[in-house]
Amino acid sequence: MKDIKKIEASREFKSLVALRWAMAGILTLLVFISYYGFILMVGYSKTTLARKISEVTPLGIPLVVAVIIISFILTLVYVFWANAKYDTMVEYLRKSLDQ
């Protein structure tokens, strides 16, 4: 129990938690903007989404695909960041506090 208090009190742990929350917050905001932006377009600009960009394809179809792709890319950004930076920082913190 004392080790947990020592970890929670460390400056490195606090900065690691703040960094993770910042990254998660930014990515969450971007996902919300893409999803709710599309939903607002559905609610308020149906004519724009219904406009044909080819003979049979309305503009709404590629926009839906874009929302899905953006979500997938943002997930990949988080995974790559977590694997490259966050996990190494956690391991460093774990080793430094064990000593």
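A few points on the structure. In this text, all values refer to a predicted model and were calculated from it rather than measured experimentally.

Some thoughts on the side chain of Ser-71
Alright, step 1. Counting through the fold element by element, Ser-71 comes out in helix H4 (residues 60–98).
Alright, step 2. Residues within four places of Ser-71 in sequence aside, it is in contact with Val-31 and Tyr-35.

Quick look at the nonpolar core
Alright, step 1. Judged by nonpolar contacts, Leu-16, Met-23, Leu-27, Val-31, Leu-74, Trp-81, Ala-82, Tyr-86 and Leu-93 together constitute the single largest core of nine residues.
Alright, step 2. Considering every element that reaches this core, the biggest residue donor is H4, with five residues.
Alright, step 3. Excluding its chain neighbours within four sequence positions, the residues that come into contact with Tyr-86 are Leu-16, Arg-20 and Trp-81.

A look at a nonpolar patch on the surface
Alright, step 1. A surface patch of nonpolar side chains, amounting to about 740 Å² of accessible area, comprises Ile-61, Val-65, Ile-69, Phe-72, Ile-73, Leu-76, Val-77 and Phe-80.
Alright, step 2. Following the sequence through the fold, Phe-80 ends up in helix H4.
Alright, step 3. With relative accessibility at 57%, the residue Phe-80 sits in the exposed group.

Some details on the environment of Ile-7
Alright, step 1. Residue position: Ile-7 is located in helix H1 (residues 2–9).
Alright, step 2. Through-space distance from the C-alpha of Ile-7 to that of Phe-72 is 34 Å; in sequence the pair is 65 residues apart.

Describing helix H2 (residues 11–44)
Alright, step 1. Counted at 1.5 Å a residue, the expected span for H2 with its 34 residues is 50 Å, and the 48 Å between its end C-alpha atoms agrees.
Alright, step 2. When H2 is considered as a whole, its buried residues turn out to be Leu-16, Met-23, Leu-27, Val-31, Ser-34 and Phe-38.

Some thoughts on the environment of Gly-25
Alright, step 1. If you trace the backbone, Gly-25 turns up in helix H2.
Alright, step 2. For Gly-25, a relative accessible area of 38% puts it in the partly exposed group.
Alright, step 3. A C-alpha to C-alpha distance of 30 Å links Gly-25 and Leu-59, two positions 34 residues apart in sequence.

Examining the packing of aromatic side chains
Alright, step 1. Overall, the coordinates contain three aromatic pairs when judged by the stated rule.
Alright, step 2. Ring geometry for Phe-32 versus Tyr-36: centroids 5.5 Å apart, planes at 70°, classification edge-to-face. One end of the pair, Phe-32, and the other, Tyr-36, are both in helix H2, four residues apart, so they sit about a helical turn from each other.
Alright, step 3. Since its relative accessible area comes to 45%, Phe-32 is described here as partly exposed.
Alright, step 4. On the basis of an interplanar angle of 45° and a centroid distance of 5.7 Å, the ring pair of Tyr-78 and Trp-81 is categorised as tilted. Pair noted here: Tyr-78 and Trp-81 are both in helix H4, with a separation of three residues, about one helical turn.
Alright, step 5. The partly exposed category is assigned to Tyr-78, whose relative accessible area is 29%.

So, how was this worked out
Residues numbered from 1 in each chain as written. Predicted model: local features only at pLDDT ≥ 70, side-chain atom pairs only at ≥ 80, totals over all residues. Heavy atoms only, no water. Helix = DSSP H or I, 4+ residues; strand = E, 2+ residues; numbered from the N terminus. Contact = heavy atoms within 4.5 Å. Core = buried A, V, L, I, M, F, W, Y, C linked by side-chain atoms within 4.5 Å. Buried < 20%, exposed > 50% of the residue type's maximum accessible area, 1.4 Å probe, protein only. Patch = residues over 30% accessible without salt bridge, like charges linked within 9 Å, V, L, I, M, F, W, Y side chains within 5 Å. Areas by Shrake-Rupley, 256 points an atom, 1.4 Å probe, with all protein chains shown as cover. Salt bridge = Lys/Arg side-chain N within 4 Å of Asp/Glu carboxyl O. Expected span 1.5 Å × (residues − 1). Phe/Tyr/Trp six-rings, centres within 6.5 Å; stacked < 30°, edge-to-face > 60°.

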